[in-house]
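Fold and contact review
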Amino acid sequence: MVQATARHLLVDTEQQCEALKQQILDGADFGDIAKANSSCPSSAQGGDLGSFGPGMMVKEFDEVVFSAPLNEVQGPVKTQFGYHLLEVTSRG
């Protein structure tokens, strides 16, 4: 089974998500931004979600994680939890 590793951050609004994405694209560290802004418990690890397979995350998240290019910030991705930015760090 394919496994992926990814990191993400979770915020309440699409506007905040877009603003944080721009900070990362402008050179800010994804992990630092996640630690400072994400409402997910993974923020303590800079948003690192570890390794997981298809179906272990919500559908909207899975669709991006198992199709997006590696090491590129994706999002905002809306789920029932809020708005995510995510970065796939490996897949195989």
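Heads up: the structure comes first, above all this text.
A few points about the packing of aromatic side chains
- Within the structure shown, the criterion is met by 1 aromatic pair.
- Arranged with centres 6.2 Å apart and planes meeting at 90°, the rings of Phe 52 and Phe 66 form a pair that is edge-to-face. A residue pair is termed long-range when its members are at least 10 positions apart, and Phe 52 in strand β2 (residues 48-52) and Phe 66 in the loop between α3 (59-65) and β3 (73-79) qualify at 14 residues.
- You can call Phe 66 partly exposed: its relative accessible area is 23%.

Topic: helix α1 (residues 14-25)
- When the terminal C-alpha atoms of α1 are compared, their 16 Å separation across 12 residues agrees well with the 16 Å that a helix rising 1.5 Å per residue should span.
- For α1, the complete set of buried residues consists of Cys 17, Leu 20, Lys 21 and Ile 24. Summarising the axial view, the buried residues of α1 lie within an arc of 105°, below the 170-degree limit, and thus occupy one face.
- In this structure, the buried side of α1 is in contact with β1 (4-11), α2 (30-37), β3 and β4 (82-91).

What about the sheet that holds β2?
- Here 4 strands make up an open sheet; going across it, the order is β2-β1-β4-β3 and the pairing antiparallel. Strands with a single pairing partner mark the edges of an open sheet, and in this sheet they are β2 and β3. For this sheet the average axis-to-axis angle between neighbouring strands, irrespective of direction, equals 35°.
- As judged from the 5 bridges shared by β3 and β4, these two strands associate in the antiparallel manner. What sits directly across from Thr 79, in β4, is Gly 82.
- Running over the sheet, α1 touches β1, β3 and β4 and is turned about 40° from β4.
- Across the sheet, α2 lies against β1, β3 and β4, angled at about 40° from β1, the strand it touches most.

Comments concerning the pairing of β1
- In terms of burial, β1 is largely enclosed, as 6 of its 8 residues are buried.
- Where β1 meets β2, 3 bridges bridge the pair, whose relative direction is antiparallel. Each residue of the ladder has a partner; that of Thr 5, found in β2, is Ser 51.
- Pairing geometry for β1 and β4, over 8 bridges, is antiparallel. Within β4, the residue paired with Ala 4 across the bridge is Arg 91.

Quick word on α2
- When we look at burial in α2, the residues that qualify are Phe 30, Gly 31, Ile 33 and Ala 34. Looking down the long axis of α2, one finds its buried residues gathered within 165° of arc, a one-sided arrangement. Structural note: α2 exposes Lys 35 and Ala 36 on the side pointing more than 90 degrees away from its buried face.
- Packing partners of the buried residues in α2 comprise β1, α1, β3 and β4.
- The N-capping residue of α2, defined by a side-chain oxygen 3.1 Å from the backbone nitrogen of Gly 31, is Asp 29.

Thresholds applied
- Residues numbered from 1 in each chain as written.
- Predicted model: local features only at pLDDT ≥ 70, side-chain atom pairs only at ≥ 80, totals over all residues.
- Heavy atoms only, no water.
- Phe/Tyr/Trp six-rings, centres within 6.5 Å; stacked < 30°, edge-to-face > 60°.
- Helix = DSSP H or I, 4+ residues; strand = E, 2+ residues; numbered from the N terminus.
- Buried < 20%, exposed > 50% of the residue type's maximum accessible area, 1.4 Å probe, protein only.
- Expected span 1.5 Å × (residues − 1).
- Arc of directions from axis to C-beta.
- Contact = heavy atoms within 4.5 Å.
- Pairing = 2+ DSSP bridges.
- Axes fitted to C-alpha atoms, helices over the stretch in contact; angles between N-to-C directions.
- Polar contact = N/O pair within 3.5 Å; in protein donor to acceptor, adjacent residues only side chain to side chain.

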